[in-house]
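Residue-level structure breakdown
The chain contents come next:
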Amino acid sequence: RRRHTRLRTVTGVQTCALPISGIVLHGSEVKSVRAGNVQIAEAWAHEVRGEMWLEGMHVGAYEHAHGVGAHEPVHPRKLLMHKAEIRRVADRVATERLALVPLALRLKGGRVKVELALAKGRQKADRRQAIREKETRLEMRRAAGRRGRA
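Conventions used here
- Sequence order sets the numbering: in each chain, residues are counted from 1 along the sequence as written.
- Predicted model: local features are reported for residues with pLDDT of at least 70 only, side-chain atom pairs are reported and counted for 80 or more only, and whole-chain, interface and lining totals are derived from all residues.
- Side-chain numbers here rest on the full set of heavy atoms in the structure, without hydrogens or water.
- Put simply, DSSP H or I for four residues or longer makes a helix, DSSP E for two residues or longer makes a strand, and each gets a number counted from the N terminus.
- Here a cavity is any set of points on a 1 Å grid over the protein atoms alone where a 1.4 Å probe fits but cannot get out, and a pocket is any open set with protein on both sides within 12 Å along at least 5 of 7 lines; a residue lines the site when it has an atom within 4 Å of a point.
- Grid points are joined across faces, edges and corners, and a volume is the space filled by probe spheres set on the points.
- Between any two strands, pairing holds if DSSP finds at least two bridges.

Side note on the environment of Val 33
Inspection of the secondary structure assignment puts Val 33 in helix H3 (residues 27-34). When the C-alpha positions of Val 33 and Leu 107 are compared, they lie 8.8 Å apart, and in sequence the two are 74 residues distant.

Thoughts on the layout of surface pockets
Over the atoms rolls a probe the size of a water molecule, and its path tells where empty space is left. Reported here for the second largest pocket is a volume of approximately 180 Å³. In terms of lining residues, the second largest pocket is bounded by Gly 22, Ile 23, Leu 25, Val 30, Leu 80, Gly 110, Arg 111, Val 112 and Lys 113. Going through the elements one at a time, strand E2 (21-23) and strand E9 (111-121) are the ones with two or more residues in the lining of the second largest pocket. Per element, the largest residue contribution to the lining of the second largest pocket is three residues, and it comes from E9.

Quick notes on the pairing of strand E4 (residues 44-48)
Here five bridges tie E4 to strand E5 (residues 51-55), and the two strands are oriented antiparallel to one another. Within E5, the position partnered with Val 48 by the bridge is Glu 51. What sits between the antiparallel neighbours E4 and E5 is a turn of two residues, in which Arg 49 has the positive phi angle 50 degrees.

This is the structure:
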């Protein structure tokens with residue numbers, strides 16, 4: 001979540017406008033996600049022929065899965081969304097030049113769900129300004145903490 005917000009300005013979290021998306025996973029992938037062996041920092045979603053796909057998500061190998069039961073760590077994974085939702089999100093991505101990025105993975109009723117957000121890439125100057133703002137907030141909190149102890 002931090003990496004996406006550092007490199008991009010998150011404009012709208014899709015959980016407000018859309019339900020959280022399901023994702024198609026193999027059995028060993030679900031077990032790895034439950035164990036916390038997943039990285040979504042480099043992941044993004046895009047639309048291909050009316051289907052939404054998640055690319056770049058790394059799901060580590062499950063230690064007890066071997067041979068046929070094992071899975072590839074990085075491969076495209078299909079997101080489960082309604083056609084109308086896919087069209088609406090794909091149109092916004094295309095017209096506003098936004099990226100669809102995953103913010104979090106959740107387990108709900110034995111199923112893995114993905115929280116998606118629309119994000120816009122930051123320019124170098126925007127990144128520097130965000131870092132400056134973050135540092136000033138941190139200094140203000142430190143100063144307030146010192147004042148309270150003295």
